Structure formats: structure tokens, C-alpha cells
Amino acid sequence: MMAGELVLAAVATLLASLLALVLSHFLPLLLNPKAPKGSFGWPLLGETLRFLTPHASNTLGGFLEDHCSRYGQVFKSHLFCTPTVVSCDQDLNHFILQNEERLFQCSYPRPIHGILGKSSMLVVLGEDHKRLRNLALALVTSTKLKPSYLGDIEKIALHVVGAWRRLDDGGGVRVVAFCEEARKFAFSVIVKQVLGLSPEEPVTARILEDFLAFMKGLISFPLYIPGTPYAKAVQARERISNTVKGIIEERRSAGSCNKGDYLDVLLSSNELSDEEKVSFVLDSLLGGYETTSLLISMVVYFLGQSAQDLDLVKREHDSIRSNKGKEECLTSEDYKKMEYTQQVINEALRCGNIVKFVHRKALKDVKYKEYLIPSGWKVLPVFSAVHLNPSLHGNAQQFQPCRWEGTSQGTSKRFTPFGGGPRLCPGSELAKVEAAFFLHHLVLNYRWRIDGDDIPMAYPYVEFQRGLPIEIEPTSPES
């Protein structure tokens, strides 16, 4: 009898839990009848798995195509365990980004905080974010056209592409995993700029090893069990933090700060705590590594599909190089002459969609045109949907750099590759400079073609499944 009562009690508890789960999932639908049309999917999971289904990054993916055709460009869903309004509308996206901290607030899933840290510029809010971003903008502004920075980019680019000449399978064919090479270049540039470290120093290799573990965990299932990618990422962040703290102490003990890197500026600032300084360094490494390397890979991928555009880029860089001495370095004036290269970079950003969407949350009930966004709901402005909208970009599925000729090359309602509003990526211009300088030495020294089939896939983070292997052939004798 006692056992039977226990079983009944267990069943009743289970049923009550399931009922509570169902009610908590569907109750927002009943309480907010004026929210946009849409569907919530199954309790707990909602529609998250369908939303995150991998697809080519130059397409919307099945989930968005289906929901936009059924409900329109703005619809409700249940994603990341919360009621959500998804916006594929350029005007609403712009409205959301421009009303940061007034009507909407950055709201990344809690596990992201566990990896990035509570002081990361990506997750802090309000005045804390404004203070950190203003510092980042000041550093970027003082850096981007500094001769020493441009010289570092060129030196590292020459080192990376020069090493390929020593690769040979015996038949004259050289194959490189381009994504890995682009990451090597981007990491070497950013670690030099932020910490004043050269690629040859042992501490650089140690940071890179931990950083790779950090990146794998950032995009993994958030389960903190020893041995999982997420747990390894949290531990890797702690090791990177300790390494950076050690470098800070060495600088302070030396009593002088004259390397001219970001860390010098951070150490001279009294506005940031040591924890914020360490987080700022990690944020800088993250932004300068993954975004820049992926941008360069996108450019190489799309140019590999278009011989005509590649020829135009090569002619532009031939012209720039013909007016310079053999060993003369590129300058800020040379960068300004790379007009078609800039068009190619913008088109690679539009087609490749490195940042598909961002996470926001409504701080109050928001009425925008015919849409009501309920207070507390997650809001996802989807940039890729705007970039690939044929009514905004003719032949949107086609890679056509010439569409940017004579137009503003910056962020607009229909082009937000680095976000927008108060959270616009402060280092976006640096990524373009580095991509342009790397491309300069690539097109002047090599021909290439993609080895086999490989396309950029959105998971929703973007990745080339095979690492973008390319066959390269030198076009000029080694200098």
C-alpha cells in the first residue's frame, strides 16, 4: 500500500511538473494576443533546434524562409528557452539597434556570460558598456592609420604568405588550409597590437593554445562537466586571464610602459579595475581574431568563384605596387586607393553574414508600426535576412562587388555586418584594413583555386566545414 502511494505521488508530481511546463511555455501566447503572428513549437525546446539548423551562410536557411513566408518578416517564436520576436525587417532592426538601453537591452544567453566573464564588453550593460566602448573607440582611432600598426600587418602578412613557398608535394602543387592560415595571421596581428607580443615568443603560443580551446567552448553546448568543450573553455579563459595578469605585473614591475600597445594604455588608465582590463584584453583578442580571419577567408572564397572580380582586384594592387619601391611598405594613402578591394570586402560581408543576428530583450512593451513586442521578450534582429533581401539588394544571391560602387561603404539600415547603434563593433575598420593588406600580398604572389567543395556554413556561427583548402601557385619569384 505504501509503495502504491509513493508511485501515485511520483506520477502526480510528474504530471504537475509537465502541466506547469506546458503552461509556462504557452501562457505568454495567451497573455500577449497582440504580439506578431508565429508559433512556439514544443515546450522547453520551442523552435530553437530548427532555428539553429546549419545552412549555407549566403542563404536564409529553411527556418527563416518558412516562417517569413507563413508569418511575414516579423514573427514570434520560442527560442533559447524564452518567448521571442524575430525581425527580418530592416526598419525594425534599425529601430531596435538605435534604442539600446532605452527600449531594448543586450541579452545574451547566461552560459555565454560564464565563458566571457561578467566584465566583458559583450555582456555588460548601461554605463559600464559605454565606458568600455569609449575606450575601445579611442584605441581603434589612434591605431588604424598608425605607421607602426600598418607595418606590423604587412610584416606578418608577408611572413604567412612567404611560408607557403616552402610547401610542395613534389608535383609543384601547394595546398594550404586557408582558414587556419587566416587565423594564424589575424592572431599574430592582434596579439602584437594588444600585448606587444611577437609570434615567436613562447607565451604567444601558450595564449593561442588556450584561445583555441576558448573558441571551441564558446560555440558548444553549455554543459559544465569536466572534459566537455564548455568546461574546457571556462578553464582556458582562466588560464588566459592568469597569463595576462602576469604580463601586467611584469610591466608594472619594470616601471615603464613604452611598447605602444593597448596594454600600455590600459595600464595608464585609472577608470578600469584589473578584472576589467583583463576582460578588455580578451574581448580585443576575440574580436581581432575570429571576425578578421573569417572575413579574409570569405574574401578568398568568393574571389575564388569569380575570375573577373579577382582580375580587377589584382589590377588594382598591381597599380598600387607599381608606384612603390620593391621594399617600400604600404601606407594609409595606399589603403585609400584600394577602392575595388573595399567593394569586394563589403560584398563578402553581405553575402557571407559573419554575424547572422544579435540578442536583445524588450525593457517594456514596445509598439512599432503594427507590431507589439511584449516586455521581457527576447528580440532577435536578423542581419542576414536584410542582406539577402532581393528587394533591397538586386540579385541578392549573387556576389557582385560592383553594387557598392559610388555608394556609402559604411553601415546603413540595409547593411549591418558589424551590428549597429551603441554596440556597433568598434574594431570593424581594423578588420577591413587587415583584410585589404593581406589580400594585397596574396594576389601579387599567388594564383589559387578552391580544392574541392567547401562553403561557409552558419551554425549559426559561420565556419568552413573543411577549413577552405586551396591550391596555390606562385606568380612571382621569391623576393
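Keep in mind that what you see is a predicted model, and the values were worked out from it rather than measured.

J.: Describe in detail the sheet that holds strand β6 (residues 360–362), supporting the description with residues and values.
T.: Read across the open sheet, the five strands follow the order β2-β3-β9-β6-β4; overall the sheet is mixed. Where the open sheet ends on each side, the last strands, each with one partner, are β2 (74–79) and β4 (104–106). In this sheet, adjacent strand axes meet at a mean angle of 35° when their direction is disregarded. The sheet contact formed by β4 and β6 spans three bridges and is antiparallel. Counted as the bridge partner of Cys106 is Arg360 from β6. Where helix α3 (residues 62–71) meets the sheet, it contacts β2 and β3 (82–87), and its direction lies at approximately 130° from that of β2.

J.: Any details on unusual backbone geometry? Residues and values, ideally.
T.: Most of the time, phi is negative for any residue but glycine, and the peptide bond is trans. The phi dihedral of Cys81 falls on the positive side, at around 65°, and the residue is not glycine. Structurally, the position occupied by Cys81 is in the loop between β2 and β3. In this structure Cys81 comes out as exposed when scored by relative accessible area, which is 58%. Of note in the backbone geometry, Asn353 takes a positive phi value of approximately 50° without being a glycine.

J.: So what's going on with the UniProt feature "binding site: heme" (unreviewed entry) in the chain? Which residues, and what values?
T.: Per the UniProt record, "binding site: heme" (unreviewed entry) is annotated on Cys425. Relative to the helices and strands, Cys425 is located in the loop between α16 (383–387) and α17 (428–445). A relative accessible area of 29% means that Cys425 is categorised as partly exposed.

Definitions and cut-offs
- Residues numbered from 1 in each chain as written.
- Predicted model: local features only at pLDDT ≥ 70, side-chain atom pairs only at ≥ 80, totals over all residues.
- Heavy atoms only, no water.
- Pairing = 2+ DSSP bridges.
- Helix = DSSP H or I, 4+ residues; strand = E, 2+ residues; numbered from the N terminus.
- Axes fitted to C-alpha atoms, helices over the stretch in contact; angles between N-to-C directions.
- Contact = heavy atoms within 4.5 Å.
- Buried < 20%, exposed > 50% of the residue type's maximum accessible area, 1.4 Å probe, protein only.
- UniProt positions renumbered as here; feature names shortened; annotations may be inferred.

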